[in-house]
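The primary structure of each chain is shown beneath.
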Amino acid sequence: MRKKQFKAESKKLMDLMINSIYTNKEIFLRELISNASDALDKLYFRSLTDSSVGLTRDEFVISIDVNKDARLIKITDNGCGMTEDELENNLGTIAKSGSLAFKTENEKTEDVDIIGQFGVGFYSAFMVSDKVVVESKPYGVEKAFRWTSEGADGY
């Protein structure tokens, strides 16, 4: 008998994964703020060896804007950002952590303290949202990229 791939309805699988990890829906906000914090930490770490970054620790910012009428929460940071490939690799692959990869690459440096290392926190946003949009502009790059998903069948 030949080996076959498992088949899964991605929305059910995503719901099962998220709801088995998280018990409170409010956790999504902590997870997304942690991701923004990691983006700041990555760019700050880069600024220690790259004077062209030109930002001091006090200039890194995370902002949260809420539009109750539109039922929209927007979390913005001025961290490292992600390229199109990084969006696909880090957000398009469940349980792959770009933060963990960054920490592993820099493990010999004592100052690396990254929060998100499991690659699933981002998906908690689907507990409270029908659609998630990530717009990212990598630091030092003119072009921005957009990743959009309704969590059901891809992005």
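(A) Region of interest: the nonpolar core. Among the nonpolar cores identified, the biggest contains 19 residues, and Ile18, Phe122, Tyr123, Phe126, Val132, Val134 and Trp147 are the most heavily contacted of them. At the level of secondary structure, the elements contributing two or more residues to this core comprise helix H1 (10–21), helix H2 (27–47), helix H3 (84–91), strand E3 (132–136) and strand E4 (145–149). Grouped together as the second largest cluster of nonpolar side chains are 6 residues, Ala39, Leu40, Val53 and Phe60 included.

(B) Summary view of H3. Within H3, burial applies to Leu87, Asn90 and Leu91. For H3, the angular spread of buried residues about the axis comes to 85°, placing them on one side.

(C) Here's a closer look at the confidence of the model for the protein chain. For the protein chain, per-residue confidence averages 82 on the pLDDT scale, and 75% of positions sit at 70 or higher. Mean pLDDT values for the elements of the protein chain range from 55 in helix H4 (residues 98–105) up to 98 in strand E1 (residues 62–67). Per-residue pLDDT stays below 50 along residues 114–118; that stretch engages in 18 contacts with residues further than four places along the chain or on separate chains.

Rules and cut-offs
Residues numbered from 1 in each chain as written. Predicted model: local features only at pLDDT ≥ 70, side-chain atom pairs only at ≥ 80, totals over all residues. Heavy atoms only, no water. Core = buried A, V, L, I, M, F, W, Y, C linked by side-chain atoms within 4.5 Å. Buried < 20%, exposed > 50% of the residue type's maximum accessible area, 1.4 Å probe, protein only. Helix = DSSP H or I, 4+ residues; strand = E, 2+ residues; numbered from the N terminus. Arc of directions from axis to C-beta. pLDDT = per-residue confidence, 0-100. Contact = heavy atoms within 4.5 Å.

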